Amino acid sequence: MSPHRPRNPLFADGPRRWWPDVVMVTALLAITALLWWPSPLVVLDVVIRDHVEADQPGWALEIAAVFKFLGLPTLQAIVCTYLALCCARHHRSIRPLLPVGATWLLMAGTKELQRLSDRVFPHWPDCPPRCPDTDTGPEGAAFFAGQGFDAFPSGHSIATATWFGLAVWLLPRLGVAWRWALAVTPSVLLTAGQTYLGYHWATDSVGGILLGVLLSRTVRRFPWDTVPLGPLDLLERHIPGGPGRRGQSAHRSFSRTSVSAARRLSASASLPSTTAPIRNRPEVSEP
């Protein structure tokens, strides 16, 4: 922790190094390039899907369904927004809401990105185990197969990596071990669940996690605690107990103290003296 960091910070420390971002962008671009044609990576996706389908007991499907439940984007967004509201109330500031609002906008844009891939799903829930009119082999599982699906990258994986990463960042006093556990474990469980159920190819989940972590790091790197609020500064100043209110309260308290002190001095100056003057006594000569 920086020695100049305040005792009660709004956020945890943001990312400082750029090389992890470069590595993740390179990996995401490499995966994307290998999915444009029936490459060995696409064949690996199909092999994983077929191997998982070979033996799926009921209890394993139920566990996988629970894991997939962790990736509900709307639920994650609502929970993270509620957490930001709690932080805003605790700090008496609207700044914890700013990164959450920015994340809402970023997540809305990722849906359009998914439509560009035109990649089929391993399964389609409405017609298990496979839709009869779709090709889910190596040829059909590549990009631009013309089947009108949007499997890559996984939207659930993007949301899980983004929202959980943002949530632990909103809790600066959370321990490092808990922070890593809460940021990584949901994405791992979600990947296992939706790959086992056939909702996404394995590379869909990996690509979604990479993109989600990049989005989360971008949001957390921005200086939300010092950025000028602009028109929102008026709202910040009128929050009960907020920075503006605290300054006004301190000014009013100082003014009241000064006025009270002045009145006491004025009253003491106008009071008559209660000490009687000492008269000169006549000197008595000794006999």
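These notes cover the structure that comes with them. (Residues numbered from 1 in each chain as written. Predicted model: local features only at pLDDT ≥ 70, side-chain atom pairs only at ≥ 80, totals over all residues. Heavy atoms only, no water.)

## Here we look at the nonpolar core
Okay, step 1: Residues Leu35, Trp163, Leu166, Trp169 and Leu170 are the most contacted members of the largest nonpolar core, which totals 40 residues.
Okay, step 2: Taken together, the elements giving at least two residues each to this core come down to α1 (19-34), α2 (40-53), α4 (73-91), α5 (97-117), α6 (155-169) and α8 (202-221).
Okay, step 3: Sort the elements by how many residues they give to this core and α6 lands first, with six residues.
Okay, step 4: In this structure, Val52, Ala64, Tyr196 and Leu197 belong to the second largest nonpolar core, which totals five residues. (Core = buried A, V, L, I, M, F, W, Y, C linked by side-chain atoms within 4.5 Å. Buried < 20%, exposed > 50% of the residue type's maximum accessible area, 1.4 Å probe, protein only. Helix = DSSP H or I, 4+ residues; strand = E, 2+ residues; numbered from the N terminus.)

## Thoughts on the packing of α6 against helix α7 (residues 176-196)
Okay, step 1: Between α6 and α7, whose axes approach to 8 Å, the crossing angle comes to 165 degrees. Considering the angle they form, α6 stands roughly antiparallel to α7. Along this stretch, α6 crosses α7, giving a crossing that reads as right-handed. Together, His156, Ser157, Thr160, Ala161, Phe164 and Val168 of α6 and Arg179, Leu182, Ala183, Pro186, Ser187, Leu190 and Gln194 of α7 make up the contact between the two elements.
Okay, step 2: For the contact of α6 with α7, the residue count by class is seven nonpolar, five polar and one charged. (Axes fitted to C-alpha atoms, helices over the stretch in contact; angles between N-to-C directions. Parallel < 35°, antiparallel > 145°, perpendicular 65-115°, else oblique. Left-handed = near helix turned anticlockwise from the far one by under 90°. Contact = heavy atoms within 4.5 Å. Nonpolar A, V, L, I, M, F, W, Y, C, P; charged D, E, K, R; others polar.)

## Focus: the pattern of salt bridges
Okay, step 1: Under the defined criterion, the tally for this structure stands at five salt bridges.
Okay, step 2: The salt bridge involving Arg217 is made with Asp21; its shortest N-O contact spans 2.9 Å. Of this pair, Arg217 sits in helix α8 while Asp21 sits in helix α1, and the two are 196 residues apart along the sequence. Each member of the pair Arg217 and Asp21 is classed as buried. (Salt bridge = Lys/Arg side-chain N within 4 Å of Asp/Glu carboxyl O.)

## Examining the packing of α5 against α8
Okay, step 1: Across the interface, α5 lies against α8 with an axial gap of 10 Å and an inter-helix angle of 150 degrees. Considered as vectors, α5 and α8 are oriented roughly antiparallel to each other. Considering the relative orientation of α5 and α8, their crossing is right-handed. Facing Pro99, Thr103, Leu106, Thr110 and Leu113 of α5, the residues of α8 in contact are Leu211, Leu215 and Val219.

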